[in-house]
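Structural characterization, general
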Amino acid sequence: MPGQDREELIFSLAKSMGVGESQKPKTVIPSAVKPTAEGNSIFANGHRITKSTIEQSKCYFAAQYRKLSSMDDESATELAALFEVAILGINNLLEDKKFSEQ
């Protein structure tokens, strides 16, 4: 039974270091995105994000998508799909009537 003692020791050490149920990643639910009165930025999760920053991020994700989608690699293709989702989300945000009035 020395293997079982070793396993208990490892579990005990991990628990004392704070690893356990409380260390599981928590799902973050984003707060509502609210445009500012000026219409040139939004508030999301307590951060002010300008329209310029949103457009820059769209360009970044588009460039990464183009680069990854041309690769013949399954993991690159999966990552390209994630970038495509980000681009679609950004497009929806920029096309939002409240945000695009400016």
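Here the structure is a predicted model, which means the values were calculated and not measured.

Definitions and cut-offs
Residues numbered from 1 in each chain as written. Predicted model: local features only at pLDDT ≥ 70, side-chain atom pairs only at ≥ 80, totals over all residues. Heavy atoms only, no water. Helix = DSSP H or I, 4+ residues; strand = E, 2+ residues; numbered from the N terminus. Buried < 20%, exposed > 50% of the residue type's maximum accessible area, 1.4 Å probe, protein only. Polar contact = N/O pair within 3.5 Å; in protein donor to acceptor, adjacent residues only side chain to side chain. Pairing = 2+ DSSP bridges. Contact = heavy atoms within 4.5 Å. Axes fitted to C-alpha atoms, helices over the stretch in contact; angles between N-to-C directions. Patch = residues over 30% accessible without salt bridge, like charges linked within 9 Å, V, L, I, M, F, W, Y side chains within 5 Å. Areas by Shrake-Rupley, 256 points an atom, 1.4 Å probe, with all protein chains shown as cover. Salt bridge = Lys/Arg side-chain N within 4 Å of Asp/Glu carboxyl O. Lys, Arg positive; Asp, Glu negative; His and termini not counted. Charge placed at Lys NZ, Arg CZ, Asp CG, Glu CD. Expected span 1.5 Å × (residues − 1). Phe/Tyr/Trp six-rings, centres within 6.5 Å; stacked < 30°, edge-to-face > 60°.

**Some thoughts on the side chain of S41**
Position of S41 among the secondary structure elements: in strand 2 (residues 41–44). Looking at S41, the relative accessible area reads 0%, which means it is buried. Engagement of the side chain of S41 in a polar contact is seen with the side chain of R48, the distance being 3.0 Å.

**With respect to the sheet that holds strand 3 (residues 47–50)**
Backbone hydrogen bonds hold the strands of a sheet together, and the pairing may be parallel or antiparallel. Sheet architecture is open: three strands sit in the order 1-2-3, paired in antiparallel fashion. The open sheet has two edge strands with one neighbour each: strand 1 (34–35) and strand 3. Note: strand 1 against strand 2, two bridges, orientation antiparallel. Bridge pairing in strand 2 places P35 opposite I42. Set on the sheet, helix 2 (residues 51–69) makes contact with strand 2 and strand 3; between it and strand 3 the angle comes to about 70°.

**Observations concerning the environment of A76**
Tracing the backbone shows A76 in helix 3 (residues 74–95). Relative accessible area serves as the criterion here: at 5%, A76 is assigned to the buried category. With 11 residues separating them in the primary sequence, A76 and Y65 have C-alpha atoms 9.2 Å apart. When sequence neighbours within four positions are dropped, the list of residues in contact with A76 reads L68 and M71.

**Looking at the pairing of strand 2**
Of the pairings in the sheet, the one linking strand 2 to strand 3 comprises four bridges and is antiparallel in character. Of the residues in strand 3, the one forming a bridge with S41 is T50.

**Details of a negative patch on the surface**
Side chains of D72, D73, E74 and E78 sit close together on the surface and give a patch of like negative charge. Relative to the helices and strands, E78 resides in helix 3.

**So, helix 2**
For helix 2, which comprises 19 residues, the first-to-last C-alpha distance of 27 Å matches the rise-based estimate of 27 Å (1.5 Å per residue) to within 8%. K51, I54, A62, Q64 and L68 are the residues of helix 2 that are buried.

**Considerations on the packing of aromatic side chains**
By the definition in use, this model includes two aromatic pairs. Taking 5.5 Å as the distance between ring centres and 65° as the angle between the ring planes, the aromatic pair formed by Y60 and F61 counts as edge-to-face. Under the relative-accessibility criterion, Y60 is labelled partly exposed at 46%. Taking relative accessible area as the criterion, F61 reaches 23% and is therefore assigned partly exposed. Their ring planes at 40° and their centres at 5.5 Å tell us that F61 and F83 sit as a pair that is tilted. In this pair, F61 sits in helix 2 while F83 sits in helix 3, placing the two residues 22 residues apart along the sequence. According to the relative accessible area criterion, F83 is buried, its value standing at 13%.

Everything listed is a geometric property; what it means functionally is a separate question.
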